[in-house]
Amino acid sequence: MDTVRNISNLVSQLTYTAQNGKSLWGTLLAPTLPLWLINGSGIKAPWAGVAPGSSSPPVTGMTRGYDFNISRGVIAPDGYEKSVILVNGQFPGPLIEANWGDYIEVNVHNNILDEPQEGTSLHWHGFLQSGTPWQDGTPGVTQCPIAPGRNFKYRFRAEQHGTSWYHSHYSAQYAGGLFGPIVVHGPTNAKYDIDLGPVMITDWWHEDYFTTVQEVMAPGFQGHTYSDNNLINGRMNFDCATLPYGDRTRCTNHAGLSKFLFKRGKTHRLRLINSGTEAVQRISIDNHIMTVIANDFTEVKPYDTKVVTLGVGQRVDVIVKADGKPNAAYWLRSNMTSCSFGNQPNALAAIYYDKSHTDAIPTSTPWDVPDPGTCANDDLHITEPLYAIEPPEPSWEQNMDIGLTVNATGHLLWTFGGVAARVDYNEPTLLAIEGNESLFKPEMNVFNFGSNSSIRFIVNNPTPAAHPMHAHGQEMYVLSAGRGNYAGQPIIRPSNPLRRDVQMVEAYGHAVFQIDADPDKNAGVWAFHCHIAWHASAGFFSQLVFHPDRIGKVPSSVRKTCKEWDAFTNRIVPNQIDSGL
């Protein structure tokens, strides 16, 4: 489908509230971001005096508080009206913003009270949670779900700086709209003039997320489910004439694309986030070179590129010099890679210069950079951290192969380390460990690494799908990635390998990760999983236990949430047909 050819005008036919509720993302009303939040720090950066590259955040004495109301609402992000799950009436959800070293406090109220009632939780993607593993937001692992009508207050520290996001980790619930961006301001060596903030790319289904989970978990499922559209900051057009026969859902053509402003001669920072469910995205700006300055929370030595490849959960920060014509407009594009599945795979947003008309249709053409079809991230040789950390010799090596199987009832399941996993919402692993449990059901897929100081994970993927691998609470060293099984290939840059919290593993390929297990920082239970929501639903995750004897006392608020969840499930049995994550 030629997405550009189908656009006859860029005048939105829906109000932004009809498209995205109370969210301003993707509109020209969206604010640019400051270098830091000044309240509490004045005109001086709160990290002034901290050594460049320091892993110790400054002591700011600040807590950034947020109040989140989770509820259902009806909007039309691409013109197709559907029920979604909103944060404070917004899709995507509101920005969480803090300075490096601040504490972040989010009081989450579960007001999903209409039928069917659902639990929820929020995971703070990429945050280390040193000393606070119970704040990770993973139901069945670190907490019970928040019951309908109840609340839970998360509190954790911004130990890293850069770009991330939050999302529900209750089943595949975030595919229904429950996610939003996070920006932690901190020092940077990159020079730029304007921070345009988050650019969230999301593959989008018109059916309810639970309907897709039912399809994925049905006997005879063949492994592919196709999204209906591809959104940038929650907005895109959809050709309503292509609706399936009999679908009478209200649908509006030319609903409205996201728009951004460039100031000629200025350098702009864009915080690219794959907040989607399945698709690997290839992001570009016509006629503009992007300079990559960060992969996930890791600053990298700047390098130029025409296309950024992002798997689900990954972030890349880029800076872009606005060197185009002062009255011009250009397309920002995000195309699903050829190894992803979408009925309309191409997302568009318009970038306008100072003197251009903000309803003009850009006439720019895309870069000639063919999709390699590998779903791989940029070569590890060029993604070099700005500040070097050399991994120690591992104290343990763990093989965790990816597998695909059909069980006795005909269900297609993903295995990780030989197990298709499932959690018990009422019995989180973290609480069981605090109660001195050491034996777990095989389907929980728990790996207890005890007092090991650094663990190397060899992940071979003999399946035809690529996978974005995410470790909670960790910044993984990425030692090797490529085609074929790992066979002792040399570590890429052993004195300074790439560090990030999500890394693509190619189809029929491998990746080698290493995680330092520091008893003073990451003692706890941490999910390690594929970030494709449908794969995680079908069992693709494990639980890593580090230093169980050093886990601090779990707060009473966590136990209270479990008591509230138990009371709810005594009345209503949740329809947990998938893994729970």
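Before any of the text, the structure's been laid out above.
First, a word on scope: everything that follows refers to the structure included in this document. (Residues numbered from 1 in each chain as written. Predicted model: local features only at pLDDT ≥ 70, side-chain atom pairs only at ≥ 80, totals over all residues. Heavy atoms only, no water.)

Digging into the state of the cysteines
No. 1: For the coordinates displayed, the defined rule picks out three disulfides.
No. 2: Between the sulfur of C240 and that of C251 lies a disulfide, 2.0 Å long from S to S. With the S-S dihedral at roughly -80°, the linkage between C240 and C251 falls on the left-handed side. One end of the pair, C240, is in the loop between strand 10 (229–232) and strand 11 (258–261); the other, C251, is in the loop between strand 10 and strand 11, with 11 residues separating them in the sequence.
No. 3: Residue C240 is classed as buried on the basis of its relative accessible area of 15%.
No. 4: A sulfur-sulfur distance of 1.7 Å marks the disulfide that ties C339 to C375. Taking the sign of the torsion about the S-S bond as the criterion, the disulfide between C339 and C375, at about 115°, is right-handed. Of the two residues, C339 is situated in the loop between strand 18 (329–336) and strand 19 (346–352) and C375 in the loop between strand 19 and strand 20 (396–399); the sequence distance between them amounts to 36 residues.
No. 5: Judged by its relative accessible area of 3%, C375 falls in the buried class.
No. 6: Cysteine pairing for the chain, with bonded cysteines counted in sequence order: 1-6, 2-3, 4-5.
No. 7: Of all cysteine sulfurs, the one in C375 lies closest to C530, which takes part in no disulfide; the gap is 11 Å. (Disulfide = S-S within 2.5 Å. Helix = DSSP H or I, 4+ residues; strand = E, 2+ residues; numbered from the N terminus. Buried < 20%, exposed > 50% of the residue type's maximum accessible area, 1.4 Å probe, protein only.)

Considerations on the nonpolar core
No. 1: Among the nonpolar cores identified, the biggest contains 143 residues, and W124, L270, F513 and F528 are the most heavily contacted of them.
No. 2: Apart from residues lying up to four places away in sequence, L270 is in contact with L196, G197, V199, F262, I285, V316, D317, V318, V320 and L332. (Core = buried A, V, L, I, M, F, W, Y, C linked by side-chain atoms within 4.5 Å. Contact = heavy atoms within 4.5 Å.)

Remarks on the pairing of strand 15 (residues 298–305)
No. 1: Taken together, the five bridges between strand 14 (residues 290–295) and strand 15 define a ladder with antiparallel strand orientation. Looking at strand 15, one finds that T291 is bridged to D304.
No. 2: Here strand 14 hands over to strand 15 after two residues, with D296 in that stretch at a positive phi of 55°. (Pairing = 2+ DSSP bridges.)

Notes on the sheet that holds strand 5 (residues 123–124)
No. 1: Reading across from one edge, 3-8-7-5 is the order of the four strands in this open sheet, with mixed pairing throughout. Both edges of this open sheet fall to strand 3 (96–99) and strand 5, since each of them pairs with a single strand only.
No. 2: Bridging between strand 7 (residues 162–167) and strand 8 (residues 179–185) involves six bridges; their strand directions are antiparallel. Paired with T163 across the bridge in strand 8 is V183.

Some thoughts on the packing of aromatic side chains
No. 1: Evaluated as defined, the whole model comprises 30 aromatic pairs.
No. 2: A centroid spacing of 5.5 Å and a plane angle of 70° characterise the contact between Y226 and F341, whose relative ring orientation is edge-to-face. Within this pair, whereas Y226 is found in the loop between helix 2 (209–216) and strand 10, its partner F341 is found in the loop between strand 18 and strand 19, the two being separated by 115 residues in sequence.
No. 3: Look at Y226 and you get partly exposed, because its relative accessible area is 40%.
No. 4: Pairing W565 with F568 gives two aromatic rings, centres 5.3 Å apart and planes at 40°, and the pair type is tilted. With W565 and F568 both in helix 5 (residues 556–571) and three residues apart, this pair spans about one turn of that helix. In terms of burial, W565 and F568 fall into one category: buried.
No. 5: Through a chain of ring-to-ring contacts, the aromatic side chains of Y66, F68, W124, F127, F152, Y154, F156, Y166 and F297 assemble into a single cluster. (Phe/Tyr/Trp six-rings, centres within 6.5 Å; stacked < 30°, edge-to-face > 60°.)

Some details on the sheet that holds strand 24 (residues 454–461)
No. 1: Reading across the sheet, the five strands line up as 20-24-29-26-27 and stay open at both edges, with mixed pairing between neighbours. Of all strands in the sheet, those with a lone pairing partner are strand 20 and strand 27 (498–500), marking the two edges. Along the sheet, successive strands turn relative to each other by an average axial angle of 30°, direction set aside. (Axes fitted to C-alpha atoms, helices over the stretch in contact; angles between N-to-C directions.)

Regarding the pairing of strand 12 (residues 267–274)
No. 1: For strand 12, the buried fraction is high: eight of the eight residues fall into the buried class.
No. 2: Along strand 12, one buried face is formed by T267, R269, R271 and I273 and the opposite face, lined by H268, L270, L272 and N274, is buried too.
No. 3: Inspection of the sheet shows strand 9 (residues 194–204) paired to strand 12 by six bridges, in the parallel sense. The residue bridging V199 from the neighbouring strand is L272, located in strand 12.

Brief notes about the pattern of salt bridges
When the charged atoms of two side chains with opposite charge come close together, those side chains can pair.
No. 1: Under the defined criterion, the tally for this structure stands at 21 salt bridges.
No. 2: Between R271 and D195 there is a salt bridge; the shortest N-O distance is 2.8 Å. Of this pair, R271 sits in strand 12 while D195 is found in strand 9, placing the two residues 76 residues apart along the sequence.
No. 3: On the accessibility criterion, R271 (2% relative accessible area) is buried.
No. 4: Close ionic contact of R271 with D317 constitutes a salt bridge, the shortest N to O distance being 3.4 Å. Taken together, the residues span a long stretch of sequence, with R271 in strand 12 and D317 in strand 17 (residues 315–321) at a distance of 46 residues. There is no split in this pair, since R271 and D317 are both buried.
No. 5: Salt bridges here are not isolated pairs; linked through shared partners, they connect D195, R269, R271 and D317. (Salt bridge = Lys/Arg side-chain N within 4 Å of Asp/Glu carboxyl O.)

Details of helix 2
No. 1: Residues of helix 2 that are buried include every one of Y209, T212, V213 and V216, and no others. Summarising the axial view, the buried residues of helix 2 lie within an arc of 105°, below the 170-degree limit, and thus occupy one face.
No. 2: Elements in contact with the buried residues of helix 2: strand 2 (82–87) and helix 4 (533–537).
No. 3: The distance from a side-chain oxygen at the start of helix 2 to the backbone nitrogen of F210 is 2.8 Å, and the residue carrying that oxygen is D208. (Arc of directions from axis to C-beta. Polar contact = N/O pair within 3.5 Å; in protein donor to acceptor, adjacent residues only side chain to side chain.)

Observations regarding helix 5
No. 1: With 16 residues, helix 5 should reach 22 Å at 1.5 Å per residue; the first-to-last C-alpha distance of 23 Å fits that figure.
No. 2: By the burial criterion, the buried members of helix 5 are V558, T561, C562, E564, W565, F568 and T569. Projection of helix 5 onto a plane perpendicular to its axis shows the buried side chains occupying an angular sector of 165°, all on one side. Exposed residues lying more than 90 degrees from the buried face of helix 5 are S556, K563, N570 and R571. (Expected span 1.5 Å × (residues − 1).)

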